[in-house]
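Okay, here's what each chain looks like letter by letter:
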Amino acid sequence: MRFRAKIVDLACLNHFSRVINTIAKLAKTCTLCLTDSKLYFILSDKVANGGVSMWCELCQGNFFDEFQMEGVAAEHNEIYLELVPENLSRALKTAQSAKAVKIKLTNKHCPCLRVAVELPSLSSSSRIVTHDIPVGVVPRRLWNDFREPSVPDFDVSIYLPVLKTMKSVVERMKNLSNSIVIEANLSGEMNLKIETDLVSVTTHFKDLGNPAWASEHGCQSSAQGRDLESMAEARIDIKKLQQLLAGQQVNPTKALCNILSKRIVHFILLHEDVSLQYFIPALA
């Protein structure tokens, strides 16, 4: 099992660093899956137990100048590592003006991702700062726990409002309640609602637009044949929503939300070379 990669382009490096920062804000620990074309950051708290889950996919060719890996076996050319994304984020913070960053899987005393940051220096010799980030190697028999989560048949799919606006609304609301109701319909309307014994606050968004899933992806959603005005809603933990909005350092080109009434809210943030899916289960 071998892995080594190198980033030389500063824009790619900063972009990669922003992606890792976002992930570090969403997950204390996560699983990194390496394949020869992609990297996946996976958090699979069982949604059934009330945990959020995350699936973030990056095309390695858009970030790395060199990328070599050999998986566990020829027919299973993948590597699964458990890591604390905050450690990787910290290591990359030292790389903001780096000439190059090399990442390599090593095994001295324990398996580590070694991040070697080559910094520019005034003399001819370069300064290299290395960070060893401990990782756990996930055994082959557990890999099935880390498959891409299936998207349920949702009732409504809608584009999100500008994330900054949504974030400031949610930040104000979180002082009033621990939970928030998200509701939306197929006429491009979405409401964020807080209801407590003392106060009820609703923010309305309209003209957001609804993605045409069925035609685009060939997947059926239970939205077909649904009354366009009727709202699908789910009550979720406001902190989990705020975490998602606060962690965004990658400006998505498209952001959408799928609601399966009273069950789950599924967010998809798409950037040209990164896609992030985030599932928040509904509260009873």
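First things first, this report covers the structure right here in the doc. (Residues numbered from 1 in each chain as written. Predicted model: local features only at pLDDT ≥ 70, side-chain atom pairs only at ≥ 80, totals over all residues. Heavy atoms only, no water.)

Side note on the overall build of the protein
A tally of regular secondary structure across the protein gives five helices and 18 strands. Within the span of the protein, comprising 284 residues, buried residues form 47% of the whole. In the protein, of all internal contacts separated by at least 6 residues, the share reaching a separation of at least 24 is 64%. On the protein, roughly 14100 Å² of surface is accessible, and the fraction owed to carbon and sulfur atoms is 49%. Averaged over its 32 positive side-chain charges, the protein has a centre that lies 8 Å from the centre of its 30 negative ones. (Helix = DSSP H or I, 4+ residues; strand = E, 2+ residues; numbered from the N terminus. Buried < 20%, exposed > 50% of the residue type's maximum accessible area, 1.4 Å probe, protein only. Contact = heavy atoms within 4.5 Å. Areas by Shrake-Rupley, 256 points an atom, 1.4 Å probe, with all protein chains shown as cover. Lys, Arg positive; Asp, Glu negative; His and termini not counted. Charge placed at Lys NZ, Arg CZ, Asp CG, Glu CD.)

Some remarks on the packing of helix H1 (residues 10-26) against helix H2 (residues 85-93)
Between H1 and H2, the shortest axis-to-axis distance is 8 Å and the interhelical angle comes to 150°. For the element pair H1 / H2, the angle class is roughly antiparallel. Here the hand of the crossing between H1 and H2 comes out left-handed. Residues Leu13, Phe16, Ser17, Ile20, Asn21, Ile23 and Ala24 of H1 form the contact with H2, whose participating residues are Pro85, Glu86, Leu88, Ser89, Leu92 and Lys93. A breakdown of the residues in the contact of H1 with H2 according to their chemical character gives eight nonpolar, three polar and two charged. (Axes fitted to C-alpha atoms, helices over the stretch in contact; angles between N-to-C directions. Parallel < 35°, antiparallel > 145°, perpendicular 65-115°, else oblique. Left-handed = near helix turned anticlockwise from the far one by under 90°. Nonpolar A, V, L, I, M, F, W, Y, C, P; charged D, E, K, R; others polar.)

Here's the deal with the sheet that holds strand E10 (residues 136-137)
Sheet architecture is open: nine strands sit in the order E10-E6-E2-E3-E4-E18-E17-E16-E11, paired in antiparallel fashion. In this open sheet, the two edge strands, each paired with only one partner strand, are E10 and strand E11 (156-159). (Pairing = 2+ DSSP bridges.)

Topic: the sheet that holds strand E14 (residues 200-205)
Spatially, E14-E13-E12-E15 is the arrangement adopted by the four strands of the open sheet, whose pairing is antiparallel. One side of each edge strand has no neighbouring strand; the edge strands of this open sheet are E14 and strand E15 (232-237). Between one strand axis and the next, the sheet turns through 20° on average, direction left out of account. The sheet contact formed by strand E13 (residues 190-195) and E14 spans six bridges and is antiparallel. Residue pairing for E14: Met190 is matched across the bridge by Phe205.

What about the pairing of strand E18 (residues 274-281)?
Among the eight residues that make up E18, eight are buried, leaving the element largely enclosed by the rest of the structure. Because side chains alternate across E18, one face comprises the buried residues Val274, Leu276, Tyr278 and Ile280, and the other comprises Ser275, Gln277, Phe279 and Pro281, equally buried. Relative to E18, strand E4 (residues 53-59) runs antiparallel, the two being bridged by six bridges. Bridge pairing in E18 links Glu57 to Ser275. Where strand E17 (residues 264-271) meets E18, eight bridges bridge the pair, whose relative direction is antiparallel. Along E18, the bridge assignment pairs Ile268 with Gln277. Counted along the chain from E17 to the antiparallel partner E18, the turn is two residues long.

Remarks on a nonpolar patch on the surface
A cluster of nonpolar side chains, Met1, Val72 and Val137, forms an exposed patch at the surface whose accessible area comes to about 250 Å². Mapped onto the secondary structure, Val72 falls in the loop between strand E5 (66-70) and strand E6 (79-83). Under the relative-accessibility criterion, Val72 is labelled partly exposed at 46%. (Patch = residues over 30% accessible without salt bridge, like charges linked within 9 Å, V, L, I, M, F, W, Y side chains within 5 Å. Salt bridge = Lys/Arg side-chain N within 4 Å of Asp/Glu carboxyl O.)

Brief notes about unusual backbone geometry
For Asp207, which is not glycine, the phi dihedral falls at a positive 60°. Notably, Lys262 is not glycine yet its phi reads approximately 60°, a positive angle. Looking at the element boundaries, Lys262 is found in the loop between strand E16 (254-260) and E17.

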